[in-house]
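So you can see what is in the structure, the chains are spelled out below.
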Amino acid sequence: MEVLERTINGSSTKIYIGSGLAGEINKYMEKYGGNITFVSSALRKRYSTKIKAISSTKSFMMDGERAKSTASLNTVFRKLISRSVERDSSISYMGGGTLGDLISYAASVYKRGVNLLGIPTTLLAQIDSSIGGKNAINFMNIKNAIGTFYNPEATFNDTDFLLNSGPEMLRDGIAEAIKMALIKDAHLFNYFKDNDLKSIYCAKSLEYVIKRSAEIKLDVVSEDFFDSKKIRYLLNFGHSIGHALESYSDNAISHGTAVANGMILESYIAYKAGYSASLHEEIRDAISRYNIPLINFKDIKTDKLIGYMQNDKKVEHGKLNMVMLAGNGSASIGEIEFQQLRRYINLYRDHI
Ligand SMILES: NC(=O)c1ccc[n+]([C@@H]2O[C@H](COP(=O)([O-])OP(=O)(O)OC[C@H]3O[C@@H](n4cnc5c(N)ncnc54)[C@H](O)[C@@H]3O)[C@@H](O)[C@H]2O)c1
């Protein structure tokens, strides 16, 4: 078992990584009284032993994007009040990033903040959404419209959840882990280049990927917890194009696929704009090793894609602030005009 510990925004947060972490989880449950764990209904059958092993009261919930709603939030608050959950109890979740975002938000506002413990069960949730204190629900079709910054006291990344659900489930998480590698850790990116979906599907490899990705995310967020210094924005590599691809396809392209393909095109743009040597082909080869579909940008209309990018939060004075890869393991933020962006995207379409 690995344990990472950081002080972020003045409070300590611990991340446990390993297999069968119920013993560690229950030590926290014993610290508090009246604990409640919200468990994804999707885990009920396959992980019944793991669920039973946690010593708190359980409440099952549907998860997925629709769970990040005011209706689900009301259900959570009703449950907390009917069970008389007190300020010094703990609230925890066992599920993917959607349940994590919902329950973390509820924990941050219920009685002005109760102890939060996380048991993320997807790779994406283990390396990304459970770290860094951001939580949110969606409102009026706006994703993550309402949320807070609130750190969990501890998070338990149990690789058993990943190893019993099939390697295909890892894809979105792998896209984000490759992103963490490219912006901060050349060794981790080389590891992804040397492996594939089959070879990393074991406890040892997953522990390594989770640990390094989690450390990178902790490093970035601890320097810019409230996302106000443009440091945290580095985590957006691949997301400027990625979010535009999701909107372009009306969400038919999954987030992980959109980000992965976004990284390929954004690295080409960084190369053309003089920030780095050409890395896009290496990134494309790495991504294709993990069964992440490659998008043929010849099928994408540049002007329509750019139209979505013009609504990006990071547009300032008519220019887009984009994460520019400087090399394997290093990135910075650069400004780019939309005219230039259009030219580079069209060049990429001609080049493939
Ligand atoms: N707060 C943040 O900083 C942050 C960062 C990145 C993403 N997010 C959010 O995370 C969410 C996506 O999270 P996600 O990818 O985990 O999606 P998810 O929560 O929708 O889970 C994906 C699916 O996997 C199922 N599932 C969960 N664990 C499983 C397991 N072990 N075995 C089999 N099935 C399992 C779920 O029931 C769900 O159907 C999005 O809402 C996104 O906005 C938040």
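The shown structure was predicted, so the numbers you read here are calculated from the model rather than taken from an experiment.

1. Brief notes about the overall build of the protein
Along the backbone of the protein there are 14 helices and 12 strands. Here the C-alpha radius of gyration of the protein, 20 Å, is about what a compact globule of 352 residues would show, namely 20 Å. Across the 352 residues in the protein, those meeting the buried criterion constitute 46%. Sequence-distant contacts, at least 24 apart, represent 71% of the contacts inside the protein between residues at least 6 apart.

2. Focus: the pairing of strand S4 (residues 57-61)
Where a strand is regular, its side chains alternate between the two sheet faces. Pairing between strand S3 (residues 36-40) and S4: five bridges, direction parallel. Residue pairing in the sheet places serine 40 in a bridge with methionine 61 of S4. Handedness of the crossover is the feature at issue here: the chain leaves S3, passes through helix H2 (residues 48-53), returns alongside S4, and the resulting connection is right-handed.

3. Concerning the site of the ligand
Around the ligand, 27 residues are found, and the nearest of them are Ala42, Gly96, Gly97, Ser129 and Ser165. For the shell around the ligand, the secondary-structure elements that each account for two or more residues are helix H4 (97-109) and helix H5 (123-129). By residue class, the composition of the shell around the ligand is seven nonpolar, 13 polar and seven charged.

4. Some remarks on the domain arrangement of the protein
Per the domain assignment, the segments of the protein are domain 1 (2-165) and domain 2 (170-352). Taking only C-alpha atoms, the centre of domain 1 and the centre of domain 2 are 27 Å apart. Put simply, the parts of the chain that give the side of domain 1 that touches domain 2 at least two residues each are strand S1 (2-8), strand S2 (11-18), H5 and helix H6 (160-163). Per-element accounting of the side of domain 1 that touches domain 2 gives the leading share, five residues, to H5.

How each quantity is defined
- Residues numbered from 1 in each chain as written.
- Predicted model: local features only at pLDDT ≥ 70, side-chain atom pairs only at ≥ 80, totals over all residues.
- Helix = DSSP H or I, 4+ residues; strand = E, 2+ residues; numbered from the N terminus.
- Rg over C-alpha atoms; globule rule 2.2 N^0.38 Å.
- Buried ≥ 20, exposed ≤ 12 C-beta atoms within 10 Å, placed from the backbone.
- Contact = placed C-beta atoms within 7 Å.
- Pairing = 2+ DSSP bridges.
- Right-handed = clockwise from strand over helix to strand, strands pointing away.
- Near = placed C-beta within 6 Å.
- Nonpolar A, V, L, I, M, F, W, Y, C, P; charged D, E, K, R; others polar.
- Domains from an automatic or database assignment.

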